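Architecture at a glance
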Amino acid sequence: MTPLKHIGRLAAAVAVSAALVGTSLAVAPAAQAAGSGTGKISCSAAKVRKSPAKNSTARGIAYRGDKIVYDQFAYKKSEKAWYTRGTVTRKSDRARIRGYVPYGCANAYGTNPAPTPPIP
């Protein structure tokens, strides 16, 4: 690879990195969610939302003890809040709801309050 191509690729990588840092949503590092895991909802009720934001459209409600299979954690900078993305299976009617739940209600450790991941 010629030095000119190497510098061009480096400049492109820096530009993409700068664009990602400026977004309001940051995805947690891969170490936070290795593959997928299962857990239970620990709050009495939690809205499952379309995107990780308080004002996002609610897709359904999850209740304490419902099963969640999670695959990602997201941090919303403007709210200073973590969210867990996954599929909730309700015990009452076996409905499956895919979306984001507040991290404190669906955390990887099964405890409440949850130890939150480091802020990216």
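Residues numbered from 1 in each chain as written. Predicted model: local features only at pLDDT ≥ 70, side-chain atom pairs only at ≥ 80, totals over all residues. Heavy atoms only, no water.

Right, let's get into the side chain of Thr 87. Within the secondary structure, Thr 87 sits in strand E6 (residues 81–89). A polar side-chain atom of Thr 87 sits 3.4 Å from a polar atom in the side chain of Arg 98. If near-sequence neighbours (up to four positions away) are discounted, Thr 87 is found in contact with Lys 67, Ile 68, Val 69, Arg 96, Ile 97 and Arg 98. (Helix = DSSP H or I, 4+ residues; strand = E, 2+ residues; numbered from the N terminus. Polar contact = N/O pair within 3.5 Å; in protein donor to acceptor, adjacent residues only side chain to side chain. Contact = heavy atoms within 4.5 Å.)

Our focus in this paragraph is the state of the cysteines. In a disulfide, the sulfur atoms of two cysteines are covalently bonded to one another. For the structure shown, the criterion picks out one disulfide. Between the sulfur of Cys 43 and that of Cys 105 lies a disulfide, 2.0 Å long from S to S. Since a negative S-S torsion denotes a left-handed disulfide, the Cys 43-Cys 105 link at about -85° is left-handed. With Cys 43 in the loop between strand E2 (37–40) and strand E3 (45–49) and Cys 105 in the segment after strand E7 (96–102), the pair connects residues that are 62 residues apart, well separated along the chain. The buried category is assigned to Cys 43, whose relative accessible area is 16%. Residue classification places Cys 105 among the buried positions, given a relative accessible area of 9%. (Disulfide = S-S within 2.5 Å. Buried < 20%, exposed > 50% of the residue type's maximum accessible area, 1.4 Å probe, protein only.)

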